[in-house]
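What follows is each chain in one-letter form.
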Amino acid sequence: MNTLFKSYDLAGTPLANRVVMAPMTRARALNDIADEHTVLYYAQRASAGLIISEGIPISREGCGYLFNPGLYTDEQAQAWRPVTDAVHAKGGRIFAQLWHVGRVSHVSLQPDNGAPVSSVASVAAHSNAYAWVAKGKPGPVQASIPRALSTAEVPRIIADFVSAARRAIDAGFDGIELHGANGYLFEQFLNGALNIRQDAYGGSIANRQRLLLETLDALAAEIGSVRVGVRLSPFGRLFDMHPYAEETDTWLSLASALNDRDLAYVHLSDQLTLGAEAIPQGFAIRFRQAYQGTLIAAGGFNRELADAALEAGDLDLIAFGRPFIANPDLVERMQNGWPIAEGDRTTFYGIDGSPTQGYTDYRAYRATVAN
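In this text, all values refer to a predicted model and were calculated from it rather than measured experimentally.

Enquirer: Honestly, the sheet that holds strand β5 (residues 94-99) in this entry has me stumped. Any pointers?
Expert: Whether parallel or antiparallel, the strands of a sheet pair through hydrogen bonds between backbone atoms. Read around the closed barrel, 8 strands run β3-β4-β5-β10-β11-β12-β13-β14, paired in parallel fashion. Recorded for the sheet is a direction-independent mean angle of 25 degrees between the axes of neighbouring strands. Pairing geometry for strand β11 (residues 228-232) and strand β12 (residues 265-269), over 4 bridges, is parallel. Bridging across to β12, Arg-231 finds its partner in His-267.

Enquirer: Mind showing me how you'd approach the pattern of salt bridges here?
Expert: Between side chains of opposite charge, pairing is possible as soon as their charged atoms come close. Counted under the stated rule, the structure contains 16 salt bridges. The closest approach of N and O atoms between Arg-93 and Asp-174, which form a salt bridge, is 3.2 Å. Here Arg-93 is found in the loop between α2 (74-89) and β5, whereas its partner Asp-174 is found in the loop between α3 (154-170) and β10 (175-179), with 81 residues between them in sequence. Taking the shortest distance from any N to any O, the salt bridge between Asp-199 and Arg-197 comes out at 2.6 Å. Look at the salt bridges and you will find they share partners, linking Glu-61, Arg-147, Glu-153, Arg-156 and Asp-160 into a network.

Enquirer: Where do I start with helix α5 (residues 205-223) in this structure?
Expert: Turn by turn, an α-helix covers 3.6 residues, leaving residues three or four places apart pointing in a common direction. End to end, α5 covers 27 Å across 19 residues, agreeing with the expected 27 Å (1.5 Å per residue, within 8%). For α5, the complete set of buried residues consists of Ile-205, Asn-207, Arg-208, Gln-209, Leu-211, Leu-212, Leu-213, Thr-215, Leu-216, Leu-219 and Ile-223. Residues of α5 that are buried in the fold lie against α3, β10, α4 (185-190), β11 and α6 (247-259). Gly-224 occupies a position one or two residues after α5 and carries a positive phi of about 95 degrees.

Enquirer: Any chance you could explain the packing of aromatic side chains here in plain terms?
Expert: Any aromatic ring pair is given by two values, namely how distant the centres are and how the planes are angled relative to each other. Under the counting rule described, the total for this entry stands at 16 aromatic pairs. Taking 6.4 Å as the distance between ring centres and 50 degrees as the angle between the ring planes, the aromatic pair formed by Phe-287 and Tyr-291 counts as tilted. Of the residues examined, Phe-287 reaches a relative accessible area of 0% and is grouped as buried. Looking at Tyr-291, the relative accessible area reads 2%, which means it is buried. Ring centres 4.9 Å apart and planes at 25 degrees place the aromatic pair Trp-338 and Tyr-365 in the stacked group. Taken together, the residues span a long stretch of sequence, with Trp-338 in the loop between α10 (330-336) and α11 (365-370) and Tyr-365 in helix α11 at a distance of 27 residues. Each residue in the set Tyr-41, Tyr-42, Trp-80, Phe-173 and Tyr-359 is aromatic and connected to the rest through ring pairs, giving one cluster.

Reading the values: the criteria
Residues numbered from 1 in each chain as written. Predicted model: local features only at pLDDT ≥ 70, side-chain atom pairs only at ≥ 80, totals over all residues. Heavy atoms only, no water. Pairing = 2+ DSSP bridges. Helix = DSSP H or I, 4+ residues; strand = E, 2+ residues; numbered from the N terminus. Axes fitted to C-alpha atoms, helices over the stretch in contact; angles between N-to-C directions. Salt bridge = Lys/Arg side-chain N within 4 Å of Asp/Glu carboxyl O. Expected span 1.5 Å × (residues − 1). Buried < 20%, exposed > 50% of the residue type's maximum accessible area, 1.4 Å probe, protein only. Contact = heavy atoms within 4.5 Å. Phe/Tyr/Trp six-rings, centres within 6.5 Å; stacked < 30°, edge-to-face > 60°.

Below is the structure:
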């Protein structure tokens, strides 16, 4: 079985293979601007059929982690252009993952040290942002108590996503992925245990889905639906998300709503490899029945599991995350049966020490063998 290495037409964007580099926060950008190390990092991994960038904040308010390159200023957008050019020069494709963390933030990251925003004014217990522990000292810190967004503020949030999407396309990205997963802003609205709002954005399943769907529709109107994907984590428990009544119905009805939209793809994230619960047995099949478009999944795949899922028709593309950190040539390694290197977890995040250590200093297999 070699389906993983066959080409794929992603809503008119040709992909060289069906390997996707999953979005991974690396917290490596000083001043929240992509630099020459960012360029090299993504260029080294451009043999993936599709790269989905690290989470890119759409506003200062949307930031929950230091040193993430954003897309809310013209300077940031211009800094992404060398990245997209480098990926395209190597035959790759790249989508920008647009991100608002909602309540998973800290006042030291917010404009005027204000409270983060969320669906409701409920803190994410036992959840850390990566912020200023003290002046000039970054580190993990308990997320601050948020304030609930007013109904009147919702259009502003949507407009921030639209502005970031326009900047992404102008910077050369092939499309965008809306980050609707892992306990961040959209899931804070989707989750029925958390979202107890009494307006049009809370209560019923349809109301809790409204922010996500309105944002997707606005993005489609701005840049075209075939350049818009969305990432979801059904039954996600990260950042103090809890089970709730009608949870299965919430996700399956959302799958149907997404099926009615001509999106580039839906990307499912199984949180088992992140230390949370796995998606319940049998749910993925039901989601696939409700959503007939291009489907990506991430979560513990290797070549054999990926090929099996593709051959069965369960998925169209397979996303790999952590293996891409230490294996910039992951596609070639899997295709040729070469060893898969393990990354140094102590250098996964942050910019302590050398800016290249654990980031761009991992070597391709051929180069390693040559020495």
